[in-house]
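So you can see what is in the structure, the chains are spelled out below.
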Amino acid sequence: MTSRRNFVGTVALSTFAMSVGWVAVARESAPVRWAGYANAFAIDGASGAEVLETKEDDPEYAGMLQALRDCGITGVIATIPPAGGSRYADKQFADAKQRIADWTSGIARHPDLLVLVRGRADLERAKRERRVGVIYAFQGAEPIADEIDRVAIFREAGVRVIQLTHNKRNLVGDGCQEPGNAGLSKFGHQLVERLNAERMVVDLAHGSQRTMREGILASKQPVLISHSGCRALADTTRLTSDAELKLLANRGGVVGIIYWPYLRVHGQQTSADVVRHIEHAINVCGEDHVGIGTDQRITPEPTAPEALKANAAMIKAFIADGVFAKGRDPDLTLYPTDLNVPNHLQALADKLATRGFSDARIEKVIGGNFARVMSEVWG
């Protein structure tokens with residue numbers, strides 16, 4: 001997950017709805033409060049453990065703790081930072097281990113709020129005790145470099161999900177920004193085999209189309225595309241085509257719908273776009289293979305003018321780097337502005353209920369499907 005503590009802001013939906021041309025989703029009626037949320041697994045397939053990256057004297061720290069109390073989330077697949085990049089040196093391996101040790105100590109300092117998730121029992125405990133379960137993950141296999149035995153080392157340290165690539169090419173395969181679309185390398189196939197053997201979840205988010213397809217086929221266990229969307233609705237390489245969605249579903253995997261501006265070609269994304277991608281993915285995959293991977297932190301993003309200014313600078317940098325297409329509005333926020341609340345999964349579940357989703361379908365989408373795949377892989 002990209003760190004945005006001092007960057008991302010939002011503006012109220014009512015002030016910009018007309019300017020972005022957003023039209024409310026058809027057939028939506030009076031809001032419904034979904035009562036099943038309290039008893040459901042609510043799992044974000046790509047979120048932050050920002051409190052573990054923040055010093056206790058930081059002005060935001062108290063708010064982060066309060067957000068953990070208020071979010072109602074069972075578990076987050078949280079990236080050990082940074083994500084991607086050319087980090088193959090032994091120092092980076094040591095840094096990753098140190099970051100994990102620091103996070104584990106941080107979780108231990110907040111036993112009333114956090115649980116380190118090493119297996120299904122920890123997820124169930126987090127749900128039962130109303131704590132947030134933290135699932136360690138890498139976005140990009142760079143900390144492993146070409147040392148396959150590091151997989152076991154990181155598993156012992158608590159890592160349970162490894163995303164093979166980030167945006168660019170690494171030793172494992174091509175990321176979504178690589179024009180060559182070369183797919184998995186020989187070492188990439190070895191890594192998938194080892195992750196299966198170690199009962200760690202393979203994540204194909206950020207992969208090129210071939211990397212995703214070849215990763216799905218290479219794995220003997222169901223895989224995740226933890227935070228993506230439907231390329232049929234917004235044609236960008238960061239999202240997933242229907243062909244790969246169908247293949248993922250046929251082999252038991254789950255795609256998580258992201259909250260980022262990828263969900264639209266133009267304009268500011270809102271919850272309506274998130275719902276639109278959820279519905280398309282269900283039509284392609286079936287309701288057992290769709291979840292939510294926001295790629296957002298738990299704490300709501302700041303709305304002060306300085307935060308909006310920093311956000312614009314960040315979006316401009318993303319556009320220049322090819323993360324977003326040229327011509328996108330630099331005033332976009334990464335978060336759907338009407339979901340910028342600590343209990344955003346409850347808010348989204350309410351919108352799905354308003355759309356007429358059954359209780360069983362909502363339970364699956366907001367976390368049950370992720371819980372199923374992770375539990376199956378972990379054993």
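Going by the structure above, here's the rest.
Residues numbered from 1 in each chain as written. Predicted model: local features only at pLDDT ≥ 70, side-chain atom pairs only at ≥ 80, totals over all residues. Heavy atoms only, no water.

**Student:** Just give me the short version of the overall build of the chain, but keep the residues and values in it.
**Tutor:** The number of helices and strands found in the chain is 12 helices and nine strands. Taking 379 residues into account, the globule formula puts the C-alpha radius of gyration at 21 Å, and the chain, at 19 Å, falls close to it. With respect to the three principal axes, the spread of C-alpha positions in the chain is 55 × 45 × 40 Å. With 379 residues in all, the chain has 59% of them scored as buried. Contacts in the chain between residues far apart in sequence, at least 24 positions, make up 74% of those at least 6 positions apart. Of the roughly 14800 Å² that the chain leaves accessible, carbon and sulfur atoms contribute 52%. Considering the chain, the positive charge centre built from 45 side chains and the negative charge centre built from 45 side chains are found 2 Å apart. (Helix = DSSP H or I, 4+ residues; strand = E, 2+ residues; numbered from the N terminus. Rg over C-alpha atoms; globule rule 2.2 N^0.38 Å. Buried < 20%, exposed > 50% of the residue type's maximum accessible area, 1.4 Å probe, protein only. Contact = heavy atoms within 4.5 Å. Areas by Shrake-Rupley, 256 points an atom, 1.4 Å probe, with all protein chains shown as cover. Lys, Arg positive; Asp, Glu negative; His and termini not counted. Charge placed at Lys NZ, Arg CZ, Asp CG, Glu CD.)

**Student:** How would you sum up the pattern of salt bridges? Please name residues and give values.
**Tutor:** Applying the stated rule across the entire model yields 21 salt bridges. Several salt bridges share partner residues, and in doing so they unite Glu-287, Asp-288, Arg-361 and Lys-364 into one network. (Salt bridge = Lys/Arg side-chain N within 4 Å of Asp/Glu carboxyl O.)

**Student:** Please give an account of the pairing of strand β2 (residues 75–79) that cites residues and values.
**Tutor:** Residues in a regular strand point their side chains to alternate faces of the sheet. Summarising burial for β2: five of the five residues are buried, a large majority. On β2, burial covers both faces: Gly-75, Ile-77 and Thr-79 on one face and Val-76 and Ala-78 on the other are all buried. Sheet analysis places strand β1 (residues 43–47) next to β2, joined by three bridges and oriented parallel. Bridge pairing in β2 links Ser-47 to Ala-78. In the classification by handedness, the crossover that spans β1, the intervening helix α2 (residues 61–70) and the parallel β2 is right-handed. Pairing of β2 with strand β4 (residues 132–139) involves five bridges; the strand directions are parallel. If you follow Thr-79 over to β4, its bridge partner there is Ala-137. (Pairing = 2+ DSSP bridges. Right-handed = clockwise from strand over helix to strand, strands pointing away.)

**Student:** Explain the nonpolar core to me, and be specific about the residues and the numbers.
**Tutor:** Core analysis: the biggest nonpolar cluster contains 93 residues, and Leu-114, Tyr-136, Leu-164, Ile-278 and Phe-324 have the highest contact counts within it. In terms of residue count, the dominant contributor to this core is helix α9 (residues 271–285) (seven residues). Apart from the residues within four sequence positions on either side, Tyr-136 is in contact with Ala-78, Ile-80, Ile-100, Trp-103, Thr-104, Ile-107, Leu-116, Ala-157, Gly-158, Val-159, Arg-160 and Val-161. Core analysis: the second largest hydrophobic core is formed by 17 residues, Val-117, Leu-123, Val-373 and Met-374 among them. (Core = buried A, V, L, I, M, F, W, Y, C linked by side-chain atoms within 4.5 Å.)

**Student:** So what's going on with unusual backbone geometry? Which residues, and what values?
**Tutor:** The phi angle of most residues is negative, glycine excepted, and most peptide bonds adopt the trans form. Phi is positive for Arg-199, close to 55°, though the residue is something other than glycine. Counting through the fold element by element, Arg-199 comes out in the loop between α6 (186–197) and β6 (201–203). Since its relative accessible area comes to 32%, Arg-199 is described here as partly exposed. Non-glycine residue Asp-295 carries a positive phi angle of around 60°. Positionally, Asp-295 belongs in the loop between β9 (290–292) and α10 (305–321). What makes Asp-295 buried here is its relative accessible area of 3%.

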